[in-house]
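One letter stands for each residue in the lines below.
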Amino acid sequence: QVQLVESGGGLVQAGGSLRLSCAASGRTFSSYAMAWFRQAPGKEREFVASISGAGGVTLYADSVRGRFSISRDNAKNTVYLQMNSLKPEDTAVYYCAVDSRRGSAYLQRVRDVGSWGQGTQVTVSS
């Protein structure tokens, strides 16, 4: 079982930046796609960004493309989400996730998630 631990959330003003980190343990990290999802109050959990095991393939939700950047350091078993030009509508709990399927290029669907992190709160004030 993979353990995922997120960090880096917080309170930021609109237009600001935050960098989220997710440290993984318990599996061959580089063999699995990783992703970030988020869930705002009263809403379903939604896809934000995904990265392949080797880091060569990335995918973004339309709402964050051009503002957010996902990356990974397989030597450190860590995936990152750099969030720039934050908007109040980005306010949510952000979750790190690992794919249940070895070797997939991207992770986009909740049903394909093998493990979740505990989540980290991101609040963007207007």
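Refer to the structure above for everything that follows.
Note that the structure is predicted; figures quoted are calculated from it, not measured.

Q: Whenever I open this one, the pattern of salt bridges confuses me. Can you help?
A: Think of it this way: side chains of opposite charge can pair up when their charged atoms draw near. Counted under the stated rule, the structure contains seven salt bridges. Arg38 is paired through a salt bridge with Glu46; the nearest N and O atoms lie 2.6 Å apart. For Arg38, a relative accessible area of 6% gives the class buried. According to the relative accessible area criterion, Glu46 is partly exposed, its value standing at 35%. Across the pair Asp62 and Arg65 runs a salt bridge, and its minimum N-O distance is 2.6 Å. The exposure class of Asp62 is exposed, given its relative accessible area of 65%. The class for Arg65 is partly exposed, based on a relative accessible area of 47%. Counted as one network, the salt bridges with shared partners bring together Arg38, Glu46, Arg67 and Asp90.

Q: For this particular structure, what's the right way to read the sheet that holds strand S8 (residues 78–83)?
A: Sheets are built from strands paired through backbone hydrogen bonds, the pairs being either parallel or antiparallel. One open sheet holds the four strands; their spatial order is S1-S3-S8-S7, and the pairing between them is antiparallel. Every interior strand has two partners, whereas the edge strands, strand S1 (3–7) and strand S7 (68–73), have only one. When strand polarity is set aside, the average angle formed by the axes of neighbouring strands in this sheet is 15 degrees. Pairing geometry for S1 and strand S3 (residues 18–25), over five bridges, is antiparallel. By the bridge assignment for S3, Glu6 is matched with Cys22.

Q: Please explain the packing of aromatic side chains as it appears in this structure.
A: Aromatic ring pairs are described here by two measures, namely the spacing of the ring centres and the angle between the planes. One pass over the structure, following the stated rule, counts three aromatic pairs. Between Phe37 and Trp116, the ring centres sit 5.1 Å apart and the planes meet at 70 degrees, which makes this aromatic pair edge-to-face. Note that Phe37 is positioned in strand S4 (residues 34–39) and Trp116 in strand S10 (residues 113–116), a separation of 79 residues in sequence. For Phe37, a relative accessible area of 0% gives the class buried. The exposure class of Trp116 is partly exposed, given its relative accessible area of 30%. Seen in terms of ring centroids, Tyr95 and Trp116 are 6.2 Å apart; in terms of plane orientation they differ by 80 degrees. Their pairing is edge-to-face. Of this pair, Tyr95 sits in strand S9 (residues 92–99) while Trp116 sits in strand S10; the two residues are 21 residues apart in sequence, bridging distant segments of the chain. Residue Tyr95 is classed as buried on the basis of its relative accessible area of 14%. Joined through ring pairs, the aromatic side chains of Phe37, Phe47, Tyr95 and Trp116 make up one cluster. Sitting above the plane of the Tyr80 ring, Arg19 keeps its charged end 4.0 Å from the centroid. In this arrangement the basic side chain of Arg45 is found over the ring face of Trp116, its NZ or CZ atom lying 4.4 Å from the centre.

The rules behind these values
- Residues numbered from 1 in each chain as written.
- Predicted model: local features only at pLDDT ≥ 70, side-chain atom pairs only at ≥ 80, totals over all residues.
- Heavy atoms only, no water.
- Salt bridge = Lys/Arg side-chain N within 4 Å of Asp/Glu carboxyl O.
- Buried < 20%, exposed > 50% of the residue type's maximum accessible area, 1.4 Å probe, protein only.
- Pairing = 2+ DSSP bridges.
- Helix = DSSP H or I, 4+ residues; strand = E, 2+ residues; numbered from the N terminus.
- Axes fitted to C-alpha atoms, helices over the stretch in contact; angles between N-to-C directions.
- Phe/Tyr/Trp six-rings, centres within 6.5 Å; stacked < 30°, edge-to-face > 60°.
- Lys NZ or Arg CZ within 6 Å of the ring centre and 35° of its normal.

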